[in-house]
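Read off the chains here:
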Amino acid sequence: MRTRPLKVALLGCGVVGSEVTRILTTQADDLAARIGAPIELAGIAVRRPHKVREGVPAELLTTDATALVKRGDLDVVVEVIGGIEPVRTLITTAFEHGASVVSANKALLAADGASLHAKAAEHGVDLYYEAAVAGAIPLIRPLRESLAGDKVNRVLGIVNGTTNFILDKMESTGAGYSEALDEATALGYAEADPTADVEGFDAAAKAAILAGIAFHTRVTIDDVHREGLTEVTAADIASAKKMGCTVKMLAICERSADGRSVTARVHPAMIPLSHPLASVREAYNAVFVEAEAAGRLMFYGPGAGGAPTASAVLGDLVAACRNKLAATTGAGESAYTQLPVSPMGDVVTRYHISLDVADKPGVLAQVAMVFAEHDVSIDTVRQQGKNQGSGDEVAVEQGAGGRRAGEASLVVVTHRASDAALSATVSSLRKLDTVRGVASIMRVEGE
Ligand code: NDP
Ligand code: HSE
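Residues numbered from 1 in each chain as written. Chains lettered and ligands numbered in written order. Predicted model: local features only at pLDDT ≥ 70, side-chain atom pairs only at ≥ 80, totals over all residues. Heavy atoms only, no water.

Draft legend 1. Local environment of the packing of aromatic side chains. As enumerated under the stated definition, the model contains two aromatic pairs in all. Taking the centre distance of 5.3 Å and the plane angle of 20° together, the rings of Tyr284 and Tyr300 count as stacked. Of this pair, Tyr284 sits in strand β11 (residues 284-291) while Tyr300 sits in strand β12 (residues 295-302), and the two are 16 residues apart along the sequence. Using a relative accessible area of 32% as the deciding quantity, one classes Tyr284 as partly exposed. In this structure, Arg141 is placed above the aromatic ring of Tyr128, and the distance from its NZ or CZ to the ring centre is 5.5 Å. A cation over an aromatic ring shows up here: Arg226 above the ring of Phe201, its NZ or CZ 3.8 Å from the ring centre. (Phe/Tyr/Trp six-rings, centres within 6.5 Å; stacked < 30°, edge-to-face > 60°. Helix = DSSP H or I, 4+ residues; strand = E, 2+ residues; numbered from the N terminus. Buried < 20%, exposed > 50% of the residue type's maximum accessible area, 1.4 Å probe, protein only. Lys NZ or Arg CZ within 6 Å of the ring centre and 35° of its normal.)

Draft legend 2. Spatial organisation of the UniProt feature "binding site: NADPH" (unreviewed entry) in the protein chain. As recorded in UniProt, the feature "binding site: NADPH" (unreviewed entry) lies at Lys106. Checked against the element boundaries, Lys106 lands in helix α5 (residues 106-122). If we skip the residues at most four places from it in the chain, Lys106 touches Ala132, Glu191, Asp202, Ala205, Lys206 and Ile209. (UniProt positions renumbered as here; feature names shortened; annotations may be inferred. Contact = heavy atoms within 4.5 Å.)

Draft legend 3. Looking closely at the environment of Ala184. Here Ala184 lies in helix α8 (residues 177-186). Placed 107 residues apart in sequence, Ala184 and Ala291 show a C-alpha to C-alpha distance of 33 Å. Other than its neighbours up to four places away in sequence, Ala184 contacts Thr162, Phe165, Tyr189 and Ala190.

Draft legend 4. Examining unusual backbone geometry more closely. A cis amide bond links Glu85 with the next residue in sequence, Pro86, at an omega value of 10°. For Pro86, the position within the fold is in the loop between β4 (76-79) and α4 (87-96). Positive phi outside glycine occurs at Ala134, with the angle close to 65°. With respect to the helices and strands, the residue Ala134 is situated in the loop between β6 (127-128) and α6 (140-146).

Draft legend 5. Region of interest: the nonpolar core. In this structure, Val77, Val152, Ile209 and Val289 are the most contacted members of the largest nonpolar core, which totals 73 residues. Both domain 1 (6-135 + 307-326) and domain 2 (140-302) contribute no fewer than three residues apiece to this core. In this structure Ile209 touches Lys106, Leu109, Ala110, Tyr129, Ala132, Val133 and Ile140, once residues within four positions along its chain are discounted. With 33 residues, the next largest nonpolar core counts Leu41, Leu60, Ala104 and Ala312 among its residues. (Core = buried A, V, L, I, M, F, W, Y, C linked by side-chain atoms within 4.5 Å. Domains from an automatic or database assignment.)

Draft legend 6. Just the site of ligand 1, in detail. Inspection of the region around ligand 1 gives 23 residues, with Cys13, Arg48, Arg53, Glu191 and Gly305 positioned closest. Note that an oxygen atom of ligand 1 is positioned 3.0 Å from one of the side-chain N or O atoms of Arg47. Residue Gly188 places a main-chain N or O atom 3.0 Å away from a nitrogen atom belonging to ligand 1. A total of 900 Å² of accessible area belongs to ligand 1 in isolation, and the protein chains cover 87% of it. (Near = heavy atom within 4 Å. Polar contact = N/O pair within 3.5 Å; in protein donor to acceptor, adjacent residues only side chain to side chain. Areas by Shrake-Rupley, 256 points an atom, 1.4 Å probe, with all protein chains shown as cover.)

Draft legend 7. Quick look at the packing of α5 against helix α10 (residues 201-215). Contact pair α5 / α10: the axes reach a minimum separation of 8 Å and the direction vectors enclose 50°. In terms of their interaxial angle, α5 and α10 are classed as oblique. Taken as a pair, α5 and α10 cross one another with a handedness that is left-handed. Note on element contacts: α10 touches α5 through Asp202, Ala205, Lys206, Ala208 and Ile209, opposite Lys106, Ala107, Leu109 and Ala110. Its residues assigned to classes, the contact of α5 with α10 shows six nonpolar, no polar and three charged. (Axes fitted to C-alpha atoms, helices over the stretch in contact; angles between N-to-C directions. Parallel < 35°, antiparallel > 145°, perpendicular 65-115°, else oblique. Left-handed = near helix turned anticlockwise from the far one by under 90°. Nonpolar A, V, L, I, M, F, W, Y, C, P; charged D, E, K, R; others polar.)

Structure below.
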């Protein structure tokens, strides 16, 4: 084993960085044996140097991250600060000074991955970011390396631990939304600004990264259709239950049927209870990858939290250190297909639409006509309400409380239709006098 250590700097020592430090310290001998040289932690950049940090050598702390990455003797910089700036500049500076970079920063990678890859290649160093998607789950490396000989057509899964934790707590314990979010934050799952989790920005960033790698093209967060968890109502969750489904926040990246474009989207969706994603609990993530030769692969594991994320960071660190010793680099960006990203209107899936309608004869026929006019085929219709002699032929259930007299709730589930056709249908429905409101629209996936 080489005795001269590899020098590593850590940018950030919060939820993830403190666990990286702990493992670097406690597993030092094993890591050295696996790499072929010991790791020396050269410095740790933080905002608050006087904060008490158990197990973190205080003499290594600095608030001058720029000076740290400019040292010139670093082999690898591990970035676990988060956000776009100053991190983008720090990473670029690290490359310019010869260091490889390991990052957990999906927001930055999804915004500016292409230019960071180009910078790393220009300086002959690595840029690794396994921890940026799905926490501890090995997903980036299998997609980039193990599946490099196959053709991936679809990536579908739960990639945000916080929102899965919230939905799971709301459904299984009856916890309120805010209470569940507070718990996820206390457990270190949520982003510094949890809006990124609940509004779907975090999952959209991950979807962009996954789509880019899976389809060998460039996808940024701006290409990803995004809808947040905040749109989901308790009525949606109850309605899903009645259909034998549950609500999950999904990321879905697909190659189009003709193979000439891709789509990437993040939104809450109903999935059948029989689907494996339905049983993903707490902050766990699960991702299905569908490839032509391999078939359907499922990746499952802890999607957030300090120690699980540190595991992925350390895996990348070992790989980057080995490359440094061998004076080589790993696989860089592969974006040769240059497939365009199609708009959400081109996506084809099933829909669950909940309408508040006048409870009188002929309404169901009127509504059905609108769906037919837009070529959206109806699978099932359920009317909830007193339905006093309306004559509509539907499965009638006793009304949920709170609805106004003379009003009913009509739940329509469609066959597969394009998002554009569904949007046009909903616009027309809103114009009907008998439709008092569109209570919710949710996609139905996983069938
Ligand atoms: P934290 O907020 O817990 O930690 C951020 C760290 O960065 C803190 O140590 C903070 O210093 C330091 N920091 C902030 N700004 C600066 C700055 N300008 N200069 C130097 N240091 C700075 O975040 P997490 O550890 O949760 O997340 C870090 C990254 O990992 C993010 O990109 C996140 O998206 C990603 N990630 C997080 C996961 C998780 O489960 N938490 C999972 C997967 C990825 P101080 O301690 O002094 O405040
Ligand atoms: N906030 C993120 C999540 C952390 O909840 O999934 C892991 O990327």
